Amino acid sequence: MELRTSCRRSELASYAVGLLLIAASARADVTVPGLAGEHALSQAAEGALLVRELRCAACHEGISGEAAPPAPRLDEAAWRISPRHLRALLSDPAQAHPGGKMPDVLTSLGREEREAAVDALTAFLSARSSFEFLSEPIESARTRRGSKLFHSVGCVACHQPGEPATEGGEVPALGASVVGLTHVPEKYSLASLSDFLFQPLRVRPAGRMPDMGLTRSEAEDIASYLLDSGVEDEGALGVYDASLVERGGTLFQRLGCVSCHALEGMNAPVPVTTGRELDLSKGCLSEVQGPSPRYQLGEAQRAAIRVALEVPRAEPSDHARIDETLTAFNCIACHSRGERGGVNALVDAYFGTSEPELGDEARIPPDLTLAGAKLHLEWTQRVLFDAEKVRPYMDTRMPQFGEANLSHLPGLLQRVDHMDPVTPKVPEGKEREVARDAGRELLGTQGLSCVSCHNFNGKETQGFKGIDLITSHERLQFGWFKQFVISPQSLRPGIVMPEGWSGGVASHSTILEGDTDKQIDALWYFLSLGRSAPDPRGLTSVSSKLLVGDTTRTYRGRSNIAGFRGIAVGFPGGLSYAFDANNGTLSGLWRGEFVSARWDGQGAGGFNPLARPVRLAQDLSLYRLKSDEEPWPLKPYMDEENPVNPDPQYPRNHGYRFGGYYFDEEKVPTFMYSVGELSVEDKSVAILDGERPVLRRTLSLGSGEPIWFRVLTGEIEEVGEAEAVNVFKTAELQLSLPEGVTRLRSFGEEDPQKELLLLLSPDASGQTIWRMDYELLR
């Protein structure tokens, strides 16, 4: 086996080993950003956190009460990492990446042995990579855009800023409190860094580098900025024969690398120790260099780890687990909770907003004090795991750390945070109309004038653009809501919001006889109506017709055809479709003009098709039926009589997770989602060269078990087979499916219909493609 390159391996080897002779001043202690912030951890808790962050349990079984977080994946390391940096990192991790968590596992080797080991490990990792590392030129325009993004979306909460926040200002020096990026220009290519920034959890599943919700273009812009001072590198790492690759694999196993870095076909070795009875003066904690892995630990860090290991291990309290989690993931760099955390004054100016008149509440991420009593559990999960957001005016983005890493946090917050229980009076019968009208009046300009500063149901206010009030009932618990509207400053000091019930006394005595409790109950009921709630008085809606030009156009927002996470896609030539991102469903198609939106541009405004659409089901599209008789799980039904969602976690309860989307060069989006362990990329394109328009949909499946795809519902007729496809149709739509196992069955008791199911069977390669054509018949 050979890996060819124009690089000379001997030059790279000399460079890497030569780093050992450079002054130690470039080295730094292991960086865990949260430990440098205003955290609430004791010294023992700091040490316990370091034990987890350094993955000590990977070699020392039973040393921690929790499993070690997964290390970065190395499957394509030689494509992601430059030849120069890969060798340098293996030779001396502390020098190549100051502050990094990777230990030096070659400490006991002499210069020649170390160089030989680096050769072998490099060959082994290179052999597992399908692509070569290639440098690319950097565009100055991308660099400028990337700098603006880097300094606005929240990167500076964990990384050193490179430019001042304001013109003529100074760049703050954050020192060791942030994760250094000085190694990045030498480590990555534009392609590999862009790919990493777009989906960092694929490479680093532990979530310490979170997903910032970047588009592919934004990821490339930030990568261009970070690589602007990069050192150009060439090709792959050298020419290696099979024996060298084999020696590298043996070393990877023997040195314990596989204890942290899981690789297919390799098993982790037997633990070095079992239990917590350790000699804390030796091994990894020793200040004397020996055969054990060498971490970049400072004396204070060693002391904290020793304290943690000297005390008997006890199950941490819920409060302690919350503090540990917020520190480990550095949530406290943006969020305060109690007297701890919050934005560092040195980087405060980098946190911006499009609505400065709303004050700091519009630019600083929200306080987490009483977060568990404020938000419904389901909403907290949507924020943490589904990238749900309600503050489009805030420049800083809420990172996604991965559900596997934070699945415990919503429940902990619910158990710990409490307020006095308060239950609203739910109106019945004719009381509903009275409560609805009172709530509407209170929100309007002749009441409390809430719509003067808050958007409502996707419609923009003419004044400030505060949080859309329509989400309040879905997001907030009533007890928190009631205290907040009576005394906003008690829960959000400094917020720009007037008191409508100052001291508990209603300011509008003519509405419901000035009874504070009745007014707030009515307001809550009105908000519970959701999208069916009528507009409050004084709210104006500016409707815009969105047109499609020479390129595909995508618009996000609420819609009755695609739900509250709807996405409309229009193609040149007049074919459009709607996608329900909440359930992973293609929910409608139409021919003609694109959509009307309540304001132009992309965002959370509502949209509606400008032509009559062919409506498809908005239920989940993918599901593993346990038997032939099991019914398809249907989306919960809500109306004015039943405004509360009986199953707010409907898609999540059935394994569905939306992962965002990206655009190709033609601006056509590909939606990414998963059902259980099965990953899906879903792309549709318009075919307009025939008599009738066709939407060609392609599903690219990762590896996993077979799963049923609910393709169509309604009055379905099976046409037959034609050119290796199965054809079905309704009165408005003809569907051509690839040959496979299909099932046409009835569902529904009150209104019987048919549903067409197709069995998708992914293969082991993780690259299974299924294509289908939707042809409009009108």
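Residues numbered from 1 in each chain as written. Predicted model: local features only at pLDDT ≥ 70, side-chain atom pairs only at ≥ 80, totals over all residues. Heavy atoms only, no water.

J.: Where do I start with the overall build of the chain in this structure?
T.: Scanning the chain for helices and strands turns up 26 helices and 24 strands. For a compact globule of 778 residues, the expected C-alpha radius of gyration is about 28 Å, and the chain comes in at 29 Å, within 12% of that figure. Taken along the three principal axes of its C-alpha coordinates, the chain extends 85 × 75 × 55 Å. Counting every position in the chain, which comprises 778 residues, the buried fraction comes to 51%. Partitioning the intrachain contacts of the chain with sequence separation of at least 6 by distance along the chain shows that 65% fall at a separation of at least 24. Accessible surface, the chain: about 35900 Å² in total, of which carbon and sulfur atoms supply 50%. Distance from the positive charge centre (80 side chains) to the negative charge centre (107 side chains) of the chain: 0 Å. (Helix = DSSP H or I, 4+ residues; strand = E, 2+ residues; numbered from the N terminus. Rg over C-alpha atoms; globule rule 2.2 N^0.38 Å. Buried < 20%, exposed > 50% of the residue type's maximum accessible area, 1.4 Å probe, protein only. Contact = heavy atoms within 4.5 Å. Areas by Shrake-Rupley, 256 points an atom, 1.4 Å probe, with all protein chains shown as cover. Lys, Arg positive; Asp, Glu negative; His and termini not counted. Charge placed at Lys NZ, Arg CZ, Asp CG, Glu CD.)

J.: Is there a simple way to think about the side chain of Thr31 in this case?
T.: Within the element layout of this structure, Thr31 appears in the loop between α1 (9-18) and α2 (33-36). When residues no more than four places from it in sequence are discounted, the contact partners of Thr31 are Gly99, Lys101, Ala176, Val178 and Val179.

J.: Even after reading the chapter, I still don't get the pairing of strand β9 (residues 585-591), so can you show me in this structure?
T.: A regular strand places its side chains on the two faces of the sheet in alternate fashion. Counting buried positions along β9 yields 6 of 7 residues, so the element is predominantly enclosed. Bridging between strand β8 (residues 575-580) and β9 involves 6 bridges; their strand directions are antiparallel. Across the sheet, residue Leu575 finds its bridge partner in β9, namely Arg591. Between the antiparallel neighbours β8 and β9 lie 4 residues, among them Gly584 with a positive phi of about 70°. In the sheet, β9 pairs with strand β12 (residues 614-615) via 2 bridges, with the strands oriented antiparallel. (Pairing = 2+ DSSP bridges.)

J.: Looking at this structure, how should I read the packing of helix α3 (residues 43-53) against helix α16 (residues 318-328)?
T.: Angle between the axes and distance between the axes are the two parameters that describe a pair of packed helices. Packing of α3 against α16 brings their axes to within 11 Å, and their N-to-C directions diverge by 55°. If you check the angle between α3 and α16, you find them oblique. Of the two elements, α3 crosses α16, and the hand of that crossing is right-handed. When α3 is examined against α16, the residues Leu49, Arg52 and Glu53 are found in contact with a partner set consisting of Glu324, Thr327 and Ala328. In terms of residue class, the contact of α3 with α16 is made up of 2 nonpolar, 1 polar and 3 charged. (Axes fitted to C-alpha atoms, helices over the stretch in contact; angles between N-to-C directions. Parallel < 35°, antiparallel > 145°, perpendicular 65-115°, else oblique. Left-handed = near helix turned anticlockwise from the far one by under 90°. Nonpolar A, V, L, I, M, F, W, Y, C, P; charged D, E, K, R; others polar.)

J.: I tried to follow unusual backbone geometry on my own but got confused; where do I start?
T.: A negative phi angle is the norm for most residues apart from glycine, just as the trans form is the norm for most peptide bonds. Its identity as a non-glycine residue notwithstanding, Arg55 has a phi of 60°, on the positive side. Take Arg55: it is sitting in the loop between α3 and β1 (60-61). Here Leu512, not a glycine, exhibits a phi torsion of approximately 50°, which is positive. Mapped onto the elements of the fold, Leu512 is located in the loop between α24 (488-491) and α25 (516-528).

J.: Explain empty space enclosed by the protein to me, please; I cannot follow it from the model alone.
T.: To find the voids left in a structure, one rolls a probe of water-molecule size over its atoms. Going through the model one piece at a time under the given rule, you end up with 2 cavities of 30 Å³ or more. By volume, the largest cavity is sized at about 110 Å³. The wall of the largest cavity is formed by 14 residues, among which Thr585, Ala617, Ser621, Arg710 and Val711 lie closest to the centre. Among the secondary structure elements, those contributing two or more residues to the lining of the largest cavity are β9 and β18 (707-714). Of the residues forming the lining of the largest cavity, the biggest block, 5 residues, is contributed by β18. One number sums up the size of the second largest cavity: a volume of about 90 Å³. Around the second largest cavity, the lining residues are Arg382, Asp386, Arg565, Asn582, Pro648, Gln649, Pro651, Arg652, Tyr656, Arg657 and Phe658. For the lining of the second largest cavity, the element with the highest residue contribution is strand β14 (residues 656-663), accounting for 3 residues. Looking at the lining of the second largest cavity residue by residue, the classes come out as 4 nonpolar, 2 polar and 5 charged. (1 Å grid on protein atoms, 1.4 Å probe; cavity = no way out; pocket = protein on both sides within 12 Å on 5 of 7 lines; lining within 4 Å. Points joined across faces, edges and corners; volume = space filled by probe spheres on them.)

J.: Is there a simple way to think about the pattern of salt bridges in this case?
T.: Between side chains of opposite charge, pairing is possible as soon as their charged atoms come close. If you walk through the whole model with that rule in mind, you get 40 salt bridges. With a shortest N-O distance of 3.8 Å, Lys282 and Asp279 are connected by a salt bridge. Lys282 gets classed as exposed once you look at its relative accessible area, which sits at 55%. Salt bridges sharing partners connect three or more residues here, namely Arg142, Arg145, Glu220 and Asp221. (Salt bridge = Lys/Arg side-chain N within 4 Å of Asp/Glu carboxyl O.)

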